[in-house]
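Spelled out, the chains give:
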Amino acid sequence: MITFEDVTKRFPDGTVAVDHLDLEIPTGRTTVLVGPSGCGKTTSLRMINRMVELTSGTVAIDGDDVRTREPAVLRRSIGYVIQQAGLFPHRTVLDNIATVPFLLGWDKRKARERAGELMELVGLEPGQARRYPHQLSGGQQQRVGVARALAADPPVLLMDEPFSAVDPVVRASLQEELIRLQDELQKTIVFVTHDIEEAVKIGDAIAVFRPGGRLAQFDVPERLLAEPVDEFVEGFIGYDRGVRRLSFFPARTLSLRSDVVVDAGTSAEKARSVARDAAEPWLLVVDPDKRPLGWVSAETLEGAAGDRELGSLALVGYGHIFVVATDSLRAALDASVLSPAGRAIGVDTDGTVVGVVSQADLGAAIWSAGDAAVPVGGRD
Amino acid sequence: MNVVLWILEWFGRPEQWTGTSGIPARFLEHVLYSGLALLLSAAIAVPVGLVTGHTGRGGFLAATLANFARALPTIGVLMLVVLVLGIGLAPVMAALVALAVPPILVNTYEGVRGVDPQLRDAAEGMGMRGREVLLRLETPIALPLILVGLRTAAIQVVSTATIAAFVGLGGLGRFIVDGRARQDFPMILGGSLLVVLLALIVIVLFALLRRVLVARGLRRRAAAPI
Amino acid sequence: MTEAPPVDWGWIQRQLDGVIADRLLEHLYLSFPPILLGLLVALPLGIASARWRPVYPPVLSGANMLYAIPSIALFYLLAPYTGLTPWTAIIPLALYTLAILVPNVVDGLNQVPDHVRQAAAAMGFGPLRRLLQVELPAAIPVVAAGLRVASVATISMVSVASVVGLGGLGQLILTEGFQRQFPTPIIAGILLSVLLAFLTDGALVLLQRWLTPWTRGRRAEAGRASRRARASSAPAREEEAVP
Ligand SMILES: Nc1ncnc2c1ncn2[C@@H]1O[C@H](COP(=O)(O)OP(=O)(O)OP(=O)(O)O)[C@@H](O)[C@H]1O
Ligand SMILES: [Mg+2]
C-alpha cells in the first residue's frame with residue numbers, strides 16, 4: 001500500500017501543486033489519478049519515487065517513509081513509464097529493457113534473457129530485439145517502455161500518461177494489454193491520465209483531482225460515475241456518465257424474448273400468427289444453427305403469400321448483436337440503438353441467438369439499474 | 001608558371017625522401033605535434049564540457065572562456081610563451097591548445113545540453129545516479145557532436161602546427177618557412193599540400209572513428225560528405 | 001627580462017598615440033574587409049546550395065579544404081602576386097570564413113518550416129520574392145551566429161599576416177615585442193586583439209537584434225535557433241562544426 005498523509009508540495013516559485021493530499025493506494029490494484037491539466041497529478045506521482053521532494057507530510061510504501069531511502073535505490077525498485085516512452089536512442093530494444101537489471105549489476109546474459117522474456121510478455125516480436133527505438137512504431141515503443149519498467153520485477157509501477165501520444169486505435173489495444181498484464185502480474189500500479197474514459201477502463205480505483213492540487217473524490221469507478229460528490233466531479237466525468245455507467249451492469253440480468261425468434265423454414269402463414277400472439281411488429285429469422293439471418297416486419301408478412309418460407313422473403317439486415325453472458329447493459333443499449341428493428345439481439349458465446357430485447361424493455365432494466373447504488377459487477 | 005610541374009619536380013627530388021629534413025621525418029614530426037596538442041586539448045575540454053553540460057552550471061563561464069581562447073591571436077600566444085619559457089615545445093603547445101579547446105569544449109557542452117530532458121527524466125526515474133546518467137546516457141548521445149568538435153579542432157591544429165617552424169622546431173612548417181627564406185616556391189607549395197593531405201587523413205580517420213564509436217541508433221542518416 | 005616588471009605601463013602610455021594606434025588601425029583595415037567579402041561570397045554559395053542540393057557537398061568540401069591550408073602558406077604563396085598590399089591578407093582570410101559561413105547560410109535558409117514556404121507559394125510569392133521576404137529574414141539569426149564566430153576567428157588570425165610584413169597587431173607582437181625581447185607590446189597586442197574581437201562580437205549581436213525585431217521578445221528561442229544551427233541536431237549532421 002502507498003499512503004499519502006497530509007502531503008503538500010510547494011515549488012520554489014510558490015506554486016502549490018499538491019495541497020494536503022491524503023490517499024491510500026491499494027496494493028496489487030490499478031489506481032488512476034485523473035483531473036484537468038496542471039492539477040498536480042504528475043507531481044503526486046513523482047513524489048512516490050522522489051523525482052519530486054515533498055514539502056510537508058509523508059509518502060510511505062508499505063509503511064516505509066520514502067524519504068528514508070536513497071532516491072536511486074528507491075527508484076530501482078519502482079517501475080517508471082512516461083509519455084514518449086523515453087527510450088534511449090543509442091541502445092537496442094533489448095538493452096533498453098535491460099537498463100535497470102544492468103544498473104542493479106545483474107550478469108549481462110541473465111539481464112538480456114530476462115529482457116527477452118519481457119518482450120514476449122508485452123507482445124513484442126523476438127525479431128525486434130536488435131532494433132533501435134527509432135525503428136519502432138509509437139505503440140511498439142510504448143510496449144518497450146512498459147517492458148523496461150517491469151524488467152527488475154518491481155512491485156510498484158508508476159505510469160504518467162503512458163498512452164497519450166499514440167493514436168486512439170493503438171491506445172485502445174495498449175489499454176487492453178495493460179489490463180491483461182495486470183490480471184497476470186497484480187502490480188501496484190499508479191496511472192496518471194486526463195482521460196476519464198481511460199481511467200474508467202483500466203482503473204480499480206480512481207482519484208479525481210481538482211485544480212489547486214486537492215483531491216476531489218477517491219472511489220471505485222462504478223461509484224464515481226453513480227455518485228459524483230459535487231458539480232466539479234460531475235462536470236469532469238462528463239454528461240454521458242449515465243450511459244458510461246451502464247458498462248458496470250451485466251446484460252445477463254435482462255429478460256430476453258425468445259418467442260419472436262422464428263426459423264427460416266417457417267411459413268409466412270405461421271409467422272403471421274406468431275407475430276399476432278406476441279403483439280410484436282418485428283420477428284427475428286434464424287437459420288437451422290440458430291444464427292441470426294435478419295428481421296422480418298409484421299407488415300411484410302401480411303403482404304406475403306401464406307405458403308412462402310421466411311428464408312425466401314427479403315429480410316432486413318440484423319445489425320448489431322451483444323453477448324448475453326459477458327457484455328454489459330451499455331453494449332445491449334448500443335446494439336438496440338443501432339438495430340434497424342430497434343431491438344437488440346442477444347447471443348450466446350458461441351453465436352447462437354438467445355433472444356431479443358426491445359428498447360422499451362431495456363429502458364425498464366436501465367431504470368432499475370439506476371436504483372442500484374453499486375452495480376453487481378462486470379464491464380465491457 | 002606550370003605549378004603542377006613545379007610540385008612534381010619538388011616531390012621528385014631524391015633528398016626529400018630521406019634524412020631528418022626529408023618529407024617522412026617532417027610529416028611524422030607534424031603528426032606528433034598535432035596529436036599531442038589534440039590530446040592535451042581533449043583532456044582539458046572534454047571533461048569540462050561534459051561536467052558543465054551535465055550540471056548546467058558554469059556553462060556561461062565555459063562559453064566565455066572558449067570565446068576568449070578563440071579570440072587569442074596564435075602568434076601572440078606563441079611569442080609570449082617563448083619569451084617566458086624559451087624556445088621549445090611548450091610555446092607551440094600553448095598556442096595550439098588555445099586554438100583547439102574552444103571547438104571541443106563548445107561541441108561537448110552543446111552535445112550534453114542537447115540531450116532530450118525526457119530521456120534524462122527517464123534515466124533518473126529508473127534510478128541512475130548523476131555519474132551514471134552522464135556516462136551511460138549523455139556521453140553516448142553527445143558523442144557524435146564531441147567527435148565533430150574534435151575533428152574541427154584537429155583540422156585547425158594540423159594547419160596551424162606549421163608555426164612550430166617559427167620557433168626552430170620541425171614539422172611541415174619547415175618547408176614553408178625555409179621555402180620562403182630560400183624563395184623556393186615549389187617547396188612552400190609542396191609543404192602546404194602535405195598539410196592539406198594530413199587534414200584529409202584526419203577527416204577520413206574521424207569518419208572511421210564515428211563508424212566504430214557511435215551507436216547505430218544515433219546514425220540515422222548517412223555521414224555528411226566532405 | 002626577469003628583473004623588469006611584466007608590463008611596462010610607461011611604454012604603453014608613450015605609444016598609445018604612436019605605434020599602438022597605428023597597428024590597431026591596420027588591424028581593423030585587415031580584418032573587416034575579409035569578413036564582409038566572405039559574407040558576400042558565402043551568401044550566393046549558400047543560397048545556391050540550399051536550392052540545388054547536389055551543389056552543397058562539393059561546395060562544403062571545397063571550403064573545408066581551403067580551411068585546412070595553413071594561413072602562413074597562403075600568405076607566402078600570394079605575396080609574389082599581390083605584393084605588400086592588404087589583398088595578400090584579405091583574400092586568404094575571406095576564403096577561410098567560407099567554411100564557417102556557408103553551412104550557416106544553408107542552415108539558416110532551412111529554418112523556414114515547409115508549411116510556411118508552401119503558404120508563401122500559395123499566396124503567390126515567386127521564388128525570388130520568397131527568398132528575399134521569407135527565407136532570408138528567417139535566416140538572419142543563424143547567419144549572424146556564424147558571422148560572429150567568423151569575425152572572432154578572422155580578427156585573431158589577422159595577426160599572422162604580420163609574418164609577411166602587412167602590419168596589424170601581429171606586427172606589434174613580432175617587431176616591437178619579440179624582436180626586442182620586450183613582453184609589453186606582446187601582451188598589449190594580444191589583449192587589444194581580444195578586445196577588438198569581443199567588441200565586434202557585441203556589435204554583431206546588437207545588429208542582429210535590430211535587424212530581427214521579432215526575435216527580441218523571445219530571446220531564449222532565438223538563442224535556441226542559433227544554438228541549433230551551431231551545434232545540436234547534429235548526430236545526423238556531421239558538418240555542423242563550431243570552428
Ligand atoms: N518544477 C516546477 N516548478 C514550478 N511549478 C511547477 C513545477 N512543476 C510543476 N509545476 C506546477 O505545479 C502544478 C501541477 O503540475 P503537474 O505537472 O503535477 O500537473 P499535472 O496534473 O500533471 O498536469 P498535466 O495534465 O498538464 O500533466 C502546475 O501548476 C505546474 O505549473
Ligand atoms: Mg502531468
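Conventions adopted
Residues numbered from 1 in each chain as written. Chains lettered and ligands numbered in written order. Predicted model: local features only at pLDDT ≥ 70, side-chain atom pairs only at ≥ 80, totals over all residues. Heavy atoms only, no water. Helix = DSSP H or I, 4+ residues; strand = E, 2+ residues; numbered from the N terminus. Near = heavy atom within 4 Å. Polar contact = N/O pair within 3.5 Å; in protein donor to acceptor, adjacent residues only side chain to side chain. Areas by Shrake-Rupley, 256 points an atom, 1.4 Å probe, with all protein chains shown as cover. Nonpolar A, V, L, I, M, F, W, Y, C, P; charged D, E, K, R; others polar. Salt bridge = Lys/Arg side-chain N within 4 Å of Asp/Glu carboxyl O. Buried < 20%, exposed > 50% of the residue type's maximum accessible area, 1.4 Å probe, protein only. Expected span 1.5 Å × (residues − 1). Bend = angle between axes of the 7 residues up to and from the residue.

Draft legend 1. Summary view of unusual backbone geometry. Of note in this structure, Lys290(A) is not a glycine but carries a positive phi near 65 degrees. Within the fold, Lys290(A) resides in the loop between β12 (282–286) and β13 (292–297).

Draft legend 2. Just the site of ligand 1, in detail. Residue and element names in this part refer to chain A. By nearness alone, 13 residues border ligand 1, and Ser37, Gly38, Lys41, Thr42 and Thr43 come closest of all. Within the contact set of ligand 1, an oxygen atom lies 2.8 Å away from a backbone nitrogen or oxygen of Gly38. Take Thr42: an N or O atom from its side chain is 2.6 Å from an oxygen atom of ligand 1. Considering ligand 1 on its own, with 640 Å² of exposed area, one finds that the protein chains cover 63% of that surface. Residue contributions to the shell around ligand 1 peak at three residues, all from helix α1 (residues 41–48). Counted by class, the shell around ligand 1 contains three nonpolar, seven polar and three charged residues.

Draft legend 3. Layout of the pattern of salt bridges. In total, this model carries 30 salt bridges over all chains according to the counting rule given. Arg13(B) is paired through a salt bridge with Asp184(B); the nearest N and O atoms lie 3.3 Å apart. Taken as a pair, Arg13(B) in the loop between α1 (3–12) and α2 (23–55) and Asp184(B) in the loop between α8 (173–181) and α9 (185–213) lie far apart in primary sequence, 171 residues in all. Asp184(B) matches Arg13(B) in its accessibility class, with the two residues each being buried. With a closest N to O distance of 3.4 Å, Glu135(C) and Arg117(C) form a salt bridge. Of the two residues, Glu135(C) sits in helix α7 (residues 127–157) while Arg117(C) sits in helix α6 (residues 114–122), which places them 18 residues apart along the sequence. Salt bridges sharing common partners tie together Arg143(A), Glu177(A), Arg180(A) and Glu184(A).

Draft legend 4. Here's a closer look at α2(B). Residue and element names in this part refer to chain B. With 33 residues, α2 ought to run about 48 Å at 1.5 Å a step, and its terminal C-alpha atoms sit 47 Å apart, in line with that. Approximately 30 degrees is the largest bend angle found in α2, and it occurs at Ala42. Of the residues flanking the end of α2, it is Gly56, one or two places downstream, whose phi is positive at about 75 degrees.

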